[in-house]
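# Overview (structure and organization)
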Amino acid sequence: MALDQPATRPANPRFSSGPCAKPPVFSLDRLSGAALGRSHRAKVGKDKLKAAIEGTREILGVPADYRIGIVPASDTGAVEMAMWSLLGARPCTMLAWESFGAGWVTDAVKQLKLDAKVVTAGYGEIVDLATVDFDTDVVFTWNGTTSGVRVPNGDAIPADRAGLTICDATSAAFAQDLPWDKLDVTTFSWQKVMGGEAAHGMLILSPRAVARLESYTPPWPMPKLFRMTKGGKLIEGIFEGETINTPSMLAVEDWLLALDWGRAIGGLPEFMARADRNAQAIFDFCDARDWIANLAVDPATRSNTSVCLKFTDPRIVDGAAFAKAVARRLEAEGAALDVGAYRDAPPGLRIWCGATVELSDIEAMLPWLDWAFHAEIEAQARAA
Ligand SMILES: Cc1ncc(COP(=O)(O)O)c(C=O)c1O
């Protein structure tokens, strides 16, 4: 028997894991103050770039002696810039528990040809950080966007480590507590928790990372886009808004709007609380049903941003086809856009819960998930 459709839809059905929903206050005319058609090196442009850096520092609580740079090519650019510039000086450990982390392993092993120790965990699992040697350089992803598994805290990272920690935090920053004293390089892109635009990456360097940059020259060629030093000294301008190449001043304005919105609603604690509340609504939904479960095996590692779900009903014949069909139904009804699992991840759904998503939209979407699941079970039975 067909399940009735819910009476209401989410006001905003955007649950994509990147680019993520814009802040609730967003409208294009709020970007009208952008320094468009002006040089990013003119005072007006540089002031905005500096404000983007310092606003980020203020809201994230980044220590004053850490550098923050706006770099090309989104989060990928920031991570690769760090890897290419810093790795090779000491032994290196690469950690991966989903496809983005796996991509950084490929970079280290196949491109940089490092004799790295590679430690991986399958989708839903995480590497035990207590077993990692932090006297090596360690590259890892804080929140695995494609598996919905996150590092629960930085306790396993020793304060007196000899290696550098290089952390891809793109779907964690602004939603999860990042322990700055445990992170030497932290990267993220504007498009995630704050609903900014892609294209630019943020690269945050500890004093130890800067010391490495100034004391070590990698043996491989370094594209101009990756160069952070000149004559053995850090190019400080990069961390004051003098970007390596031309940024989008529209994207910068959009980031400034996101930061303003963030300040207005209460800053980092409120961002984290919003993501927690959103994710909890989904966790509760799953707990109350026996046909859907979190992909993250250990509840302590469940992401509060990229919540990944798997269908567990034994009646499901083809898991991948079923999950895709549910996502298609949700999209067709305007109930949830872009919630299919990542292409390399196990079949299921991925629902973004970052700070720009409203709890009321999650709550309005979940009855549709119920509906879509049952509708698909019926469709499967009819087709059999
Ligand atoms: C963990 C992680 N790393 C890297 C990336 C790539 O980010 P970008 O496309 O901003 O370079 C993503 C994108 O979703 C991601 O989730």
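Residues numbered from 1 in each chain as written. Predicted model: local features only at pLDDT ≥ 70, side-chain atom pairs only at ≥ 80, totals over all residues. Heavy atoms only, no water.

## Regarding the sheet that holds strand 13 (residues 306–311)
Condition: Strands are treated as partners if at least two bridges between them are detected by DSSP. Secondary structure elements are defined from DSSP: runs of H or I of at least 4 residues count as helices, runs of E of at least 2 residues count as strands, and each element is numbered from the N terminus. Lines fitted to C-alpha atoms define the axes, with helix axes restricted to the stretch in contact, and inter-axis angles between N-to-C directions lie between 0 and 180 degrees. We call two residues in contact when some of their heavy atoms are within 4.5 Å.
Pairing is antiparallel across the open sheet formed by three strands, whose spatial order is 12-13-14. Each edge of the open sheet is held by one strand with a lone partner, namely strand 12 (292–294) and strand 14 (349–352). Taken over all neighbouring pairs, the strand axes of this sheet differ in orientation by 30° on average, direction set aside. Note that strand 12 and strand 13 share three bridges and pair antiparallel. Bridge pairing in strand 13 places I292 opposite F311. Against the sheet, helix 6 (residues 267–287) makes contact with strand 12, strand 13 and strand 14, and its axis sits at roughly 15° relative to strand 13, the strand it touches most.

## A short note on the pairing of strand 2 (residues 92–96)
Inclusion rule: Think of it in three bands: with a 1.4 Å probe and only protein chains considered, a residue is buried below 20% of the maximum accessible area for its type, exposed above 50%, and partly exposed in between. Here, the term right-handed applies to a crossover whose path from the first strand over the helix to the second runs clockwise when the strands point away from the viewer.
Along strand 2, five of the five residues are buried, which leaves the element largely enclosed by surrounding structure. Residues C92, M94 and A96 of strand 2 are buried on one face, and the alternating residues T93 and L95, pointing to the opposite face, are buried as well. The sheet contact formed by strand 2 and strand 4 (residues 137–141) spans three bridges and is parallel. Bridge pairing in strand 4 links T93 to V138. Pairing of strand 2 with strand 3 (residues 117–120), which is carried by four bridges, proceeds in the parallel orientation. The partner of M94 across the bridge, within strand 3, is V118. In this view, the connection linking strand 2 to its parallel neighbour strand 3 by way of helix 3 (residues 99–111) has right-handed handedness.

## Points about the site of the ligand
Rules: Proximity is defined per residue: any heavy atom of the residue falling within 4 Å of a molecule or strand makes that residue near it. Pairing of N or O atoms within 3.5 Å defines a polar contact, subject to two protein rules: one partner must be a possible hydrogen donor and the other a possible acceptor, and residues neighboring in sequence count only if both atoms are side-chain atoms. For every accessible area listed, the method is Shrake-Rupley and the probe measures 1.4 Å; residues are considered covered only by the protein chains on display.
Neighbouring residues of the ligand: 14 residues in total, closest S74, T76, T145, D168 and K192. Taking D75, its main chain carries an N or O atom lying 3.3 Å from an oxygen atom of the ligand. Between the ligand and T76 there is a distance of 2.5 Å, counted from an oxygen atom to a side-chain nitrogen or oxygen. Summarising the interface, the protein chains cover 86% of the accessible area of the ligand, which totals 390 Å² for the free molecule. Breaking the shell around the ligand down by element, the ones donating at least two residues are helix 2 (74–86) and helix 3.

## Describing the packing of aromatic side chains
Test applied: For this analysis, a ring pair means two rings from Phe, Tyr or Trp (six-membered ring only for Trp) whose centres lie within 6.5 Å, classed as stacked if their planes differ by under 30 degrees, edge-to-face if by over 60, and tilted for the remaining angles.
Throughout the structure, instances matching the rule amount to 16 aromatic pairs. Here the aromatic rings of F100 and Y342 are separated by 5.5 Å at their centres, their planes lie at 45°, and the arrangement is tilted. In this pair, F100 is assigned in helix 3 and Y342 in the loop between helix 7 (319–332) and strand 14, connecting sequence segments 242 residues apart. Residue F100 is classed as partly exposed on the basis of its relative accessible area of 32%.

## Looking at the pairing of strand 4
Among the five residues in strand 4, five count as buried, and that is most of the element. Of the two faces of strand 4, the one carrying D137, V139 and T141 and the one carrying V138 and F140 are both buried. Sheet analysis places strand 4 next to strand 7 (residues 165–168), joined by four bridges and oriented parallel. Paired with F140 across the two strands is C167, which belongs to strand 7.

## Re the state of the cysteines
Heads up, the rule is: Any pair of cysteine sulfurs within 2.5 Å is marked as a disulfide.
According to the stated counting rule, one finds zero disulfides in the structure shown. Free cysteine: C308, not disulfide-bonded; nearest cysteine sulfur from C353 at 10 Å.

## Here's the deal with the environment of R57
Checked against the element boundaries, R57 lands in helix 1 (residues 43–60). Considered as a pair, R57 and R67 are 10 residues apart in the sequence and their alpha carbons are 9.2 Å apart.

## Brief notes about the packing of helix 7 against helix 8 (residues 359–383)
Note the cut-off: An angle counts as roughly parallel when it lies under 35 degrees, as roughly antiparallel when it exceeds 145, as roughly perpendicular when it falls between 65 and 115, and as oblique in every other case. Here is the rule for handedness: rotate from the far helix to the near one, and if that takes an anticlockwise turn smaller than a right angle the crossing is left-handed, while a clockwise turn gives right-handed.
Look at helix 7 against helix 8: their axes get within 9 Å of each other, and the N-to-C directions meet at 130°. With respect to their mutual orientation, helix 7 and helix 8 come out oblique. Crossing geometry of helix 7 relative to helix 8 is assigned as right-handed. Between helix 7 and helix 8, the residues in contact are F322, A325, V326, R329 and L330 and W368, L369, W371, A372, F373, A375, E376, I377, A379 and Q380, respectively.

## Thoughts on the pattern of salt bridges
The condition that has to hold: Each reported salt bridge corresponds to a side-chain nitrogen of Lys or Arg within 4 Å of a carboxyl oxygen of Asp or Glu.
Tallied over the entire structure, the rule returns 20 salt bridges. Here E236 and R67 are joined by a salt bridge, their closest N and O atoms 2.6 Å apart. Placement of E236 in the loop between strand 11 (233–234) and helix 5 (249–265) and of R67 in strand 1 (residues 67–72) is noted, with a sequence separation of 169 residues between them. Classification of E236 as partly exposed rests on a relative accessible area of 31%. A salt bridge links R315 to D313; the shortest N-O distance between them is 2.8 Å.

Read these as spatial facts, not as claims about activity.
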